[in-house]
Amino acid sequence: MGLRNLWLLLLIGTFLGPLVTCDDPEDHLHEDHPPGRGHWSYTDVTEWDKAYPACGEKEQSPINVDTRDTRFDPTLKPIEVSGYDVSPEESLKLKNNGHTVVLQLPDSLEIVGGLTNTYRAAQLHFHWGSQSSPGSEHTVNGQKFPGEIHVVHYSSSFQSLDEAVTQPGGLAVLAAFIQKGPEENKDYQHLLTHLEEVKEAGESTEIPGFDIRGLLPQQLDRYYRYNGSLTTPPCYQTVNWTIFNQTIFLSEDQLDILEDTIHHDHDHILQENFREPQSLNGRLVLSSFRPPVSGRKAPEQAPAPSASAPDSANGPSDRSGEGAPRADNQTFSTGDMLAIIFGVLFAVTALAFFIYFRQNRKKNLRSSDKKSNVIYKAATAEDNMA
Ligand SMILES: [Zn+2]
């Protein structure tokens, strides 16, 4: 009997184990374990608001960006960062907090342009999926990307991240989508080679400084902006989000490392650490650039093809067969698709008319061959068409 119960317990433990993570709720932002807070995991997202009421409020993140509903805001200036090139002499702490892998950043890294305030860096981390499903948190026109990087900053109006995290306008997160490209991304390699050292939840390591700027897309002037929240408990609605339009490319091997190395629990790989898009609830998403007009030519020629061409700077964007297509290509392709569909419909209709016309003409020719009045017959055919 006793042995059977033990087996039963072991069996239950094996199945329930992965569903419960016992890491601190605010690790998403910092590492100290605040006392008295509950646990959360990605398998109980519907329960988050019980322990963290903000998770059930109306301005939550992530969201889906519907490019048809974004509003171009010419006052949104390019994002400018400063101090991002961290010397190799300086070491940075990399930690597996059981929900993601976090790289702590010195507050000498700052956002100095593109927001109304200066924001100091605190940390960066990632969201990813698995080989079979993409893991970005934000989506563009419903399109999910293989991964997403978040660089978390806090307003210089506050003394610390802890102070800023609960205050409106307290945080600014720079987000970018990660997708599969043909080449190894050297900037990401600085980080990915150390993931093995923090395989288990709670483990941390020190890595030499490198150019953090290289983890962001090249183009920092084209982005979406909205007000939202932390995407993990405690879900405070204090984040000024910037989602870059240009994506980042990692090689297939690099994506595999990101998806398959980190454990949230012994023997359990941490995958699909993302929250589903939340309802906008009337919020407006701004864009720093004019989204391409789909289906027809733009009234003004302002964003010439060259404006979107540098997307290929990180690698070709024509790997839509494997990775997700680029965000702005997506808009173009919707328009193109519509144009193609209407084109095909028009061609089919024209062909049908032509065949119909020919058959009637032949019929008429056959039936009135003896009369041999060609002009009259054509007119008859036209009458039939009407
Ligand atoms: Zn995040």
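From a predicted model like this one, the values you see are computed outputs, not experimental measurements.

Thresholds applied
- Residues numbered from 1 in each chain as written.
- Predicted model: local features only at pLDDT ≥ 70, side-chain atom pairs only at ≥ 80, totals over all residues.
- Heavy atoms only, no water.
- Disulfide = S-S within 2.5 Å.
- Helix = DSSP H or I, 4+ residues; strand = E, 2+ residues; numbered from the N terminus.
- Buried < 20%, exposed > 50% of the residue type's maximum accessible area, 1.4 Å probe, protein only.
- Donors = N, O, S within 2.8 Å, 3.2 Å for Na, K, Ca; no water.
- pLDDT = per-residue confidence, 0-100.
- Contact = heavy atoms within 4.5 Å.
- Salt bridge = Lys/Arg side-chain N within 4 Å of Asp/Glu carboxyl O.
- Core = buried A, V, L, I, M, F, W, Y, C linked by side-chain atoms within 4.5 Å.
- Arc of directions from axis to C-beta.
- Phe/Tyr/Trp six-rings, centres within 6.5 Å; stacked < 30°, edge-to-face > 60°.
- Lys NZ or Arg CZ within 6 Å of the ring centre and 35° of its normal.
- Pairing = 2+ DSSP bridges.

Colleague: I'm lost on the state of the cysteines in this one. Help?
Modeller: Disulfides are covalent bonds that connect the sulfur atoms of two cysteines. Applying the stated rule across the entire model yields one disulfide. Sulfur-sulfur distance for the disulfide between Cys55 and Cys235 comes to 2.1 Å. Disulfide Cys55 to Cys235: torsion about the S-S bond roughly 85°, handedness right-handed. Placement of Cys55 in the loop between helix H2 (48–51) and strand E1 (64–65) and of Cys235 in the loop between strand E12 (223–228) and strand E13 (239–244) is noted, with a sequence separation of 180 residues between them. Under the relative-accessibility criterion, Cys235 is labelled buried at 0%.

Colleague: I would appreciate a short explanation of the coordination of the zinc ion in the present structure.
Modeller: Six octahedral donors around a metal ideally make angles of 90 or 180 degrees; four tetrahedral donors ideally make 109.5 degrees. Distances from the zinc ion to its protein donors, His125 (NE2), His127 (NE2) and His150 (ND1), fall within 2.0 to 2.2 Å. Binding-site remark: the zinc ion is held by donors from one chain whose sequence spacing is H-x1-H-x22-H.

Colleague: Would you explain the confidence of the model for the protein chain in this entry?
Modeller: Considering every residue of the protein chain, the mean pLDDT works out to 78; 65% of them sit at 70 or more. Below a pLDDT of 50 lies the segment residues 5–28, which in the model reaches 43 contacts outside its immediate sequence neighbourhood of four places, other chains included.

Colleague: How do you make sense of the pattern of salt bridges when you look at a structure like this?
Modeller: If you walk through the whole model with that rule in mind, you get five salt bridges. Note that Glu110 and Arg120 form a salt bridge whose closest N and O atoms lie 3.9 Å from each other. With Glu110 in strand E6 (residues 110–113) and Arg120 in strand E7 (residues 119–128), this pair connects stretches of sequence that are ten residues apart. For Arg120, a relative accessible area of 23% gives the class partly exposed. In this structure, Glu196 and Lys199 form a salt bridge, with 3.3 Å as the shortest nitrogen-oxygen distance. Judged by relative accessible area, which is 29%, Lys199 ranks as partly exposed.

Colleague: How do you make sense of the nonpolar core when you look at a structure like this?
Modeller: When a protein is soluble and globular, its nonpolar side chains tend to lie buried together. The biggest cluster of nonpolar side chains holds 42 residues, and the ones touching the most others in it are Leu103, Leu124, Phe126, Ile149, Tyr188 and Ile212. For this core, the secondary structure elements donating two or more residues are strand E4 (91–96), strand E5 (101–104), E7, strand E9 (147–155), strand E10 (171–180), helix H4 (186–192), strand E14 (248–250) and helix H5 (252–260). Considering each element in turn, this core owes the most residues, five residues, to E7. Each residue touching Phe126, except ones within four places of it in the same chain, is listed here: Thr100, Val101, Glu148, Ile149, Ile178, Tyr188, Leu191, Leu258 and Asn273. Val65, Val173, Leu230 and Phe289 belong to the second largest nonpolar core, which has 23 residues in total.

Colleague: Any chance you could explain H5 here in plain terms?
Modeller: Residues three or four positions apart in an α-helix share a direction because the helix packs 3.6 residues into each turn. For H5, every residue scored as buried is listed here: Gln254, Leu255, Leu258 and Glu259. When H5 is viewed along its axis, its buried side chains cluster within an angular range of 130° and face the same direction. Where H5 is buried, its residues meet E7, E10, H4, E14 and strand E16 (268–269).

Colleague: Explain the packing of aromatic side chains to me, please; I cannot follow it from the model alone.
Modeller: Each aromatic ring pair is summarised here by two numbers: the centre-to-centre distance and the angle between the ring planes. A complete count under the given rule lists eight aromatic pairs for this structure. Judged by centre distance (6.3 Å) and plane angle (5°), the rings of Tyr226 and Trp241 are stacked. Here Trp241 lies in strand E13 and Tyr226 lies in strand E12, a separation of 15 residues in the sequence. Of the two residues, Tyr226 and Trp241, both sit in the buried class. Taken together, Trp40, Tyr42 and Trp48 form an aromatic cluster joined through their ring pairs. Over the face of the ring belonging to Phe274 we find Lys144, whose NZ or CZ atom lies 3.8 Å from the ring centre.

Colleague: So what exactly am I meant to see when it comes to unusual backbone geometry here?
Modeller: Trans peptide bonds make up most of the peptide bonds, and negative phi angles are found at most residues other than glycine. Between Ser61 and Pro62 the backbone carries a cis peptide bond, its omega angle lying at 0°. Of note, Pro62 is situated in the loop between H2 and E1. With an omega of 15°, the peptide bond running from Pro233 to Pro234 counts as cis. In this fold, Pro234 is placed in the loop between E12 and E13. Its identity is not glycine, yet Cys235 carries a phi of approximately 60°, on the positive side.

Colleague: Where do I start with the environment of Gly113 in this structure?
Modeller: Among the secondary structure elements, Gly113 is positioned in strand E6. A C-alpha to C-alpha distance of 7.0 Å links Gly113 and Lys77, two positions 36 residues apart in sequence. Apart from the residues within four sequence positions on either side, Gly113 is in contact with Pro78, Ile79 and Glu80.

Colleague: Explain the pairing of strand E11 (residues 204–208) here, please?
Modeller: On E11, burial follows the alternation: Thr205 and Ile207 on one face are buried, whereas Ser204, Glu206 and Pro208 on the facing-out side are not. As defined by bridge partners, E4 adjoins E11 across five bridges and the pair is classed as antiparallel. What sits directly across from Lys93, in E11, is Glu206.

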